[in-house]
Amino acid sequence: MQYFLIIILITATIIFIGGTYRALKMSRKSVALIEKYENDKNNPALIQEIFDALREDFWLNKILQDNNATIDDIKTLHKKLMKWGDFRKYNRYVPITSFFNRTALKYLLTHKNDDSKSLTEKMMNHFHF
């Protein structure tokens, strides 16, 4: 019985550390992109870097695949979010940060045909702007 509890504790610890590592990695990538493109927000390379980062992450790539998302979808969503959410609050910037959160990305891709104001408001509420 003790061995079973130890195995559960070790498994839970590994899952927690792995999840924390992934969250920090995505946060670091998001902040790096925000800082890199702070003065060049409409650079097409930004969209490519966002898409590449999403493809590298297991969970975000799964969301992309489930919604058959392309780089054009990311570009369109970024443009919509830029219209109403082009401001930064600490290390959060709606047109970039929204793509690095699983629930936000899933919402954006399932509602990609919604108007830009409603998408931006939803993301701002999600990130407590």
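Now for a description of the structure that goes with this document.

## What about the environment of Lys-122?
Part 1 of the argument: Mapped onto the fold, Lys-122 is located in helix 7 (residues 116-126).
Part 2 of the argument: Note on Lys-122: relative accessible area 41%, which makes it partly exposed.
Part 3 of the argument: When the C-alpha positions of Lys-122 and Leu-77 are compared, they lie 13 Å apart, and in sequence the two are 45 residues distant.

## Focus: the pattern of salt bridges
Part 1 of the argument: Applying the stated criterion across every chain, the model contains four salt bridges.
Part 2 of the argument: Residue Glu-49 is joined to Lys-36 by a salt bridge in which the shortest nitrogen-to-oxygen separation is 2.8 Å. One end of the pair, Glu-49, is in helix 2 (residues 44-56); the other, Lys-36, is in helix 1 (residues 2-36), and 13 residues separate them in sequence.
Part 3 of the argument: Ionic pairing is found between Asp-73 and Lys-112, a salt bridge with its closest N-O pair at 3.3 Å. Of the two residues, Asp-73 sits in helix 4 (residues 71-85) while Lys-112 sits in the loop between helix 6 (102-110) and helix 7, which places them 39 residues apart along the sequence.

## Quick notes on the nonpolar core
Proteins that are soluble and globular tend to have nonpolar side chains buried together.
Part 1 of the argument: Ranked by internal contacts, the top residues of the largest apolar core, which has 31 residues, are Ile-50, Leu-54, Ile-74, Ile-96, Phe-99 and Phe-100.
Part 2 of the argument: Looking at this core, the elements with two or more residues in it are helix 1, helix 2, helix 3 (58-66), helix 4, helix 5 (94-97), helix 6 and helix 7.
Part 3 of the argument: In terms of residue count, the dominant contributor to this core is helix 2 (six residues).
Part 4 of the argument: Leaving out residues up to four positions away in the same chain, Ile-96 has contacts with Ser-30, Leu-33, Ile-34, Leu-46 and Ile-50.

## Some words on the packing of aromatic side chains
Part 1 of the argument: Applying the stated criterion across every chain, the model contains one aromatic pair.
Part 2 of the argument: Where Phe-58 meets Trp-59, the ring centres are 4.9 Å apart and the plane angle is 80°; that geometry is what we call edge-to-face.

Reading guide: rules and limits
For every chain, the first residue of the written sequence is number 1, and numbering continues from 1 along that sequence. In keeping with the model being predicted, local features are shown solely for residues with a pLDDT of at least 70 and side-chain atom pairs are shown and tallied solely at 80 or more, while totals for entire chains, interfaces and linings include all residues. Remark: hydrogens and water are excluded; side-chain values derive from all non-hydrogen atoms of the structure. Counting from the N terminus, the helices are the DSSP runs of H or I reaching at least four residues and the strands are the DSSP runs of E reaching at least two. A 1.4 Å probe rolled over the protein chains alone gives each residue an accessible area, and that area as a share of the maximum for its type sets the label: buried under 20%, exposed over 50%, partly exposed in between. A side-chain nitrogen of Lys or Arg and a carboxyl oxygen of Asp or Glu constitute a salt bridge if their distance falls within 4 Å. By nonpolar core is meant a set of buried Ala, Val, Leu, Ile, Met, Phe, Trp, Tyr and Cys residues that side-chain atoms within 4.5 Å join together. Only heavy atoms enter the contact rule, under which two residues are in contact if any of them lie within 4.5 Å. Pairing of aromatic side chains requires ring centres within 6.5 Å, counting the rings of Phe and Tyr and the six-membered ring of Trp. Pairs whose planes differ by under 30 degrees are stacked, by over 60 edge-to-face, and all others tilted.

By themselves these figures say nothing about function.
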